[in-house]
Amino acid sequence: MKYFQLIWTALFRKKLRTVFTVLSLSAAFLLLGLLQAVNSLFAGSVEFLGADRLIVQARTSFTQPLPMRMMPQIETIPGVARVNHSQFFGGQYQDSRQQFPQFAVNPQRLFDTYPEWVIDKDQRANFISTQDGAIVGRELANSFGWKVGDIVPLNSFIWVKSDGSRLWEWRIVGIFDGKNQEWQDRTQLMYLNYGQFDEGRSPGARGLAGVFVARLKSPEDSQRVAALIDSKFENSVDETKTQNEQEFQLGFIKQFGDIGFMMNLISGAVIFTILILTGYTMSQAVRERIPELAVLKCLGFTDNRVLWLVLAESLLLCLIGAAIGMGLSAMLTGALPPNFPPLRTDQRVWLFAGCTVLGLALAVGLPPALRAKRLKIVDALAGR
Amino acid sequence: MNTSVSAEQQPLVEIRALTKAYVRGKQVVEVLHGINLDIPDGDFVALMGPSGSGKTTLLNLIGGLDSPTGGLLKVNGQRIDEFGSDRLAAWRASTVGFIFQSYNLMPVLSAQKNVELPLLLTDLNARERARHADIALQLVGLADRARHKPNELSGGQQQRVAIARALVSDPKLLICDEPTGDLDRKMADEVLTLMQQLNGDYGKTIIMVTHDPKAAEFARRVVHLDKGVLVDETTR
Ligand SMILES: Nc1ncnc2c1ncn2[C@@H]1O[C@H](COP(=O)(O)OP(=O)(O)OP(=O)(O)O)[C@@H](O)[C@H]1O
Ligand SMILES: [Mg+2]
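The rules behind the values
- Residues numbered from 1 in each chain as written.
- Chains lettered and ligands numbered in written order.
- Predicted model: local features only at pLDDT ≥ 70, side-chain atom pairs only at ≥ 80, totals over all residues.
- Heavy atoms only, no water.
- Contact = heavy atoms within 4.5 Å.
- Buried area = accessible area lost by both parts, 1.4 Å probe.
- Salt bridge = Lys/Arg side-chain N within 4 Å of Asp/Glu carboxyl O.
- Polar contact = N/O pair within 3.5 Å; in protein donor to acceptor, adjacent residues only side chain to side chain.
- Helix = DSSP H or I, 4+ residues; strand = E, 2+ residues; numbered from the N terminus.
- Nonpolar A, V, L, I, M, F, W, Y, C, P; charged D, E, K, R; others polar.
- Axes fitted to C-alpha atoms, helices over the stretch in contact; angles between N-to-C directions.
- Parallel < 35°, antiparallel > 145°, perpendicular 65-115°, else oblique.
- Left-handed = near helix turned anticlockwise from the far one by under 90°.
- Pairing = 2+ DSSP bridges.
- Buried < 20%, exposed > 50% of the residue type's maximum accessible area, 1.4 Å probe, protein only.
- Domains from an automatic or database assignment.
- Near = heavy atom within 4 Å.
- Areas by Shrake-Rupley, 256 points an atom, 1.4 Å probe, with all protein chains shown as cover.

Caption draft 1: View of the interface of chain B and chain A. Tallying the contact residues gives 23 residues for chain B and 21 residues for chain A. Across the chain B to chain A interface the summed buried area is about 2,100 Å²; carbon plus sulfur atoms make up 66%. Of all residues in chain B, Met106, Leu120 and Leu121 of chain B bury the most surface against chain A, accounting for 25% of the area lost on that side. For the interface between chain B and chain A, the tally reads 0 salt bridges. Joining chain B to chain A, the criterion identifies 7 residue pairs in polar contact (both at pLDDT 80 or more). Taken together, the elements giving at least two residues each to the side of chain B that touches chain A come down to helix H3 (85–95) and strand E6 (96–100) of chain B. By residue number, the principal contributor to the side of chain B that touches chain A is H3 of chain B, which donates 5 residues. For the side of chain B that touches chain A, the per-class residue count stands at 13 nonpolar, 4 polar and 6 charged.

Caption draft 2: How the structure looks around the packing of helix H11 (residues 259–288) of chain A against helix H13 (residues 303–334) of chain A. Residues and elements named next belong to chain A. Packing of H11 against H13 brings their axes to within 11 Å, and their N-to-C directions diverge by 140°. Here H11 is positioned oblique relative to H13, judged by the angle of their axes. For the pair H11 and H13, the sense of crossing is right-handed. Facing Thr278, Met282, Ala285 and Val286 of H11, the residues of H13 in contact are Val310, Glu313, Ser314, Leu317 and Cys318. The residue inventory of the contact of H11 with H13, partitioned by class, reads 6 nonpolar, 2 polar and 1 charged.

Caption draft 3: Region of interest: the sheet that holds strand E9 (residues 221–226) of chain B. Residues and elements named next belong to chain B. Pairing in this open sheet of 6 strands is mixed, and the strands run E6-E7-E8-E3-E9-E10 from one edge to the other. Of all the strands in the sheet, just E6 and strand E10 (229–235) have a single pairing partner and so form its edges. Across this sheet, the average inter-strand angle for adjacent strands is 20°, counted without regard to direction. Judged from the 5 bridges that link them, E6 and strand E7 (residues 173–177) form a sheet pairing that is parallel. Bridge assignment links Gly97 to a residue of E7, and that residue is Leu174. H3 contacts E6 and E7 of the sheet and is inclined by roughly 80° relative to E6.

Caption draft 4: Representation of the pattern of salt bridges. Considering all chains together, one arrives at 32 salt bridges over all chains under this definition. Of the charged contacts, one joins Arg16 of chain B and Glu14 of chain B as a salt bridge, the two residues approaching to 3.9 Å between their closest N and O atoms. For Arg16 of chain B, a relative accessible area of 32% translates into the label partly exposed. A salt bridge links Arg79 of chain B to Glu82 of chain B, with the nearest nitrogen and oxygen atoms 3.2 Å apart. With relative accessibility at 56%, the residue Glu82 of chain B sits in the exposed group. Each of the salt bridges in this network shares a partner with another, and the network as a whole consists of Glu75, Arg82, Arg109 and Asp112 of chain A.

Caption draft 5: The arrangement of the side chain of Ser267 of chain A in detail. Residues and elements named next belong to chain A. Inspection of the secondary structure puts Ser267 in helix H11. A residue is classified by how much of its surface remains accessible, and Ser267, at 2% relative accessible area, is buried. Among the polar contacts listed, one links the side chain of Ser267 to the backbone oxygen of Met263, at a separation of 2.8 Å. Non-local contacts of Ser267, meaning those with residues more than four positions away in its chain, are made with Leu32, Leu35, Gln36 and Phe352.

Caption draft 6: Focus on the domain arrangement of chain A. Here chain A is partitioned into domain 1 (4–45 + 258–381) and domain 2 (53–217). Averaged C-alpha coordinates put domain 1 of chain A and domain 2 of chain A at centres separated by 48 Å.

Caption draft 7: Main features of the site of ligand 1. Neighbouring ligand 1 are 15 residues; Ser51, Gly52, Lys55, Thr56 and Thr57 of chain B lie closest to it. Near ligand 1, the surrounding residues are drawn from chains A and B. At 2.5 Å, a side-chain N or O of Ser51 of chain B approaches an oxygen atom of ligand 1. Contact between ligand 1 and Thr56 of chain B: an oxygen atom at 2.6 Å from a side-chain N or O atom of the residue. Protein contacts shield 74% of the accessible area of ligand 1, which totals 640 Å² for the unbound molecule. Of all elements in the fold, only strand E1 (13–24) and helix H2 (55–62) of chain B reach the threshold of two or more residues within the shell around ligand 1. The biggest single contributor to the shell around ligand 1 is H2 of chain B, with 3 residues. Tallied by class, residues from the shell around ligand 1 come to 3 nonpolar, 7 polar and 5 charged.

So, in structure tokens, the structure goes:
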């Protein structure tokens, strides 16, 4: 630490240049922080999903609904504890730009397959007994200001009613929470009672379940049970593809392109740009100070100590820029209005930033540091 | 008593058949051709000679900034010609102070912090380092300029800060390469008087390269170098 002043003053020797470099670093890390927060949103949305749930979809596509009669068949497969069916509703609330998912399910089976959701007993009973009932997650209810008893009209882009209309009215009978913070953060969806959904549909579509959600007795079984389910329906009209929930979600996200890959690609470009810029600053800063570094060696600083001084300078420069940029990014993600996706500067993002700082400091600091280390005193003093 | 006498009789710097050659491309150029020289503890030697005669080269060898090609070089009882680079660095920190023609101060640090630099390599804490630097600055008469940056000081003052930096770790030996080369007569005389004082009152052994015969008059002894050999010596 006693070298701090030496490093600090060396860094701000050319104030303007250092300030510009720090600003560029800050801007880069602000961008990196946001990009990685987006990445985290997608990675995080599946990472926590356990392997104790399987999603059974039609082999061709999950948009192809499976028939209801398969449910008891799946439930008899050893290892399966409880099965529910789930149909993506694809509804739009008035002209809100905020999208949220709705699933038509069997209310009785929902909480057996998703014990992570917590709901009041009476509300649960009402969901089961109300044909046009719906329950909404706490965060979703809060963002629209919905209360129990409200009627929510949803315009489905997939499901047409038998009278030709696409407008479905759902009565909110309950609001559910998550069992912990992670799940609470995901209370941004809505479950619809399959009753009104199936009855209202055009007759041709009735009896179609969508996909099946199978909760397992033990998560270790997931691969074996998935294979059992698929082999049971092999060569039938309704061949299946069974994945755990995490794989299913990833597949769902991939629909919109590999977002993680895109974010990392842009992050890479940002890092590359800042690497060139900061690298130039550092090498320039050391080049100008060759005689001074030689004097330090004269005074008894060893070659390695001088190497470390330059590396520390590089690390300090990158750290300052990153701290400002990440600070801004964390503030921004913390202050997003509720109708934005829940971007968060989480541990994964901080870890990414930390590794980037270290890698960057090393990459831009090492070449000039090695040059400083190899510096021959007599040559440097004579200006050779 | 006996041992201490024999220790005093041993010169501080002992140079035998010292050679130094530089490799330039495929060419090997010998710059020093077998120098023999003894410098006793407490001496003040002026090293004179034409440009390119090898004065700086010899001085750098004695100060442990470079290693000789051949011969023997013993300083303060140690064969520094056999030291590796890290050991040499530690040896320099404890034994030698350097004073250059162009002062070579850190432009961004105050006089005080410049003087403290060599102490960063010691175990002294921040307060002790500041105290030592204060004393050194007092010694060169610049205690009141401690907070000034080098560019806020005159050439003579900067050189005195450099002398304070060379002194602060209390080395036995001061190595000075044309210390007054950039100074006018008046400032040069101030600096030389200070050096004489350090030699007389504090027993520092000083080796100073100079082109200026007036500067050489401040030394106890003048050694002449020409084309890499010692040619002549005058003792005052
Ligand atoms: N690193 C080096 N590589 C090649 N040649 C060198 C090197 N250092 C010194 N020389 C040569 O050695 C000779 C002596 O140089 P040195 O600097 O010791 O001279 P000097 O007596 O100090 O001269 P001046 O009075 O001009 O400072 C010169 O011819 C110089 O070109
Ligand atoms: Mg010279």
